[in-house]
Amino acid sequence: NSGLLSAETSSYTLEGLLPGRKYFVSISVRNQQGFGNLCIPTPGSIIPSIQVPQHPSNVSLLVNSGYSDSILIEYEPPLSNGGSDIIRYRVELDPTPTFDNPIVEDFECPTNNKNTVWQIQTQSSNASVIVGGSFRIQLVAYG
């Protein structure tokens, strides 16, 4: 890649890097005779830190057509996930703009490696003791 900078420019931002990945950088200068020696900055490498994600993008709030008791919030993923998979969205609802006492609901994403423990109890139809037998269970994850 190349770009246009003045000879007096003393900084440059490298964009589009992956947080949590180590990068090594060098810089050199060129004149009519060619490039000079590479200069390695101190430190010689750097790792952009993993951060909290940006907010969701293109968020809109709509009346849920056909339902008088609900609203619909639409959104797209954040422009930056901060360098880590998005695992959960949180929606808060409050009748005041200060969110003094919000109703909070979290929605897990398929990328969240959250373990779920299921407890299954069996019971006969006439309350007698179940002896032997078997059953089949199928769990399907959506997302």
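Throughout, a residue's number is its position along its own chain's written sequence, starting from 1. Local features in this predicted model are restricted to residues whose pLDDT is 70 or higher, and side-chain atom pairs enter the listing and the counts only when it is 80 or higher, whereas totals over whole chains, interfaces and linings include all residues. Side-chain calculation: all heavy atoms of the structure are included, whereas hydrogens and water are not.

A. Summary view of the side chain of Ser 57. Put simply, DSSP marks the helices as runs of H or I at least four residues long and the strands as runs of E at least two long, and each gets a number from the N terminus on. Among the secondary structure elements, Ser 57 is positioned in strand β5 (residues 57–63). Remark: exposure states derive from per-residue accessible area (1.4 Å probe, protein chains only) relative to the maximum for the residue type, with buried under 20%, exposed over 50%, and partly exposed in between. Note on Ser 57: relative accessible area 13%, which makes it buried.

B. Region of the structure containing the packing of aromatic side chains. Any Phe, Tyr or Trp ring, taking Trp's six-membered ring, that has another such ring centre within 6.5 Å forms a pair; planes under 30 degrees apart are called stacked, those over 60 apart edge-to-face, and the others tilted. On inspection of all chains with the given rule, the structure shows one aromatic pair. Ring geometry for Tyr 75 and Tyr 89: centres 4.9 Å apart, planes at 40°, overall tilted. Taken together, the residues span a long stretch of sequence, with Tyr 75 in strand β6 (residues 71–76) and Tyr 89 in strand β7 (residues 88–93) at a distance of 14 residues. A relative accessible area of 36% places Tyr 75 in the partly exposed class. In this structure Tyr 89 comes out as buried when scored by relative accessible area, which is 16%.

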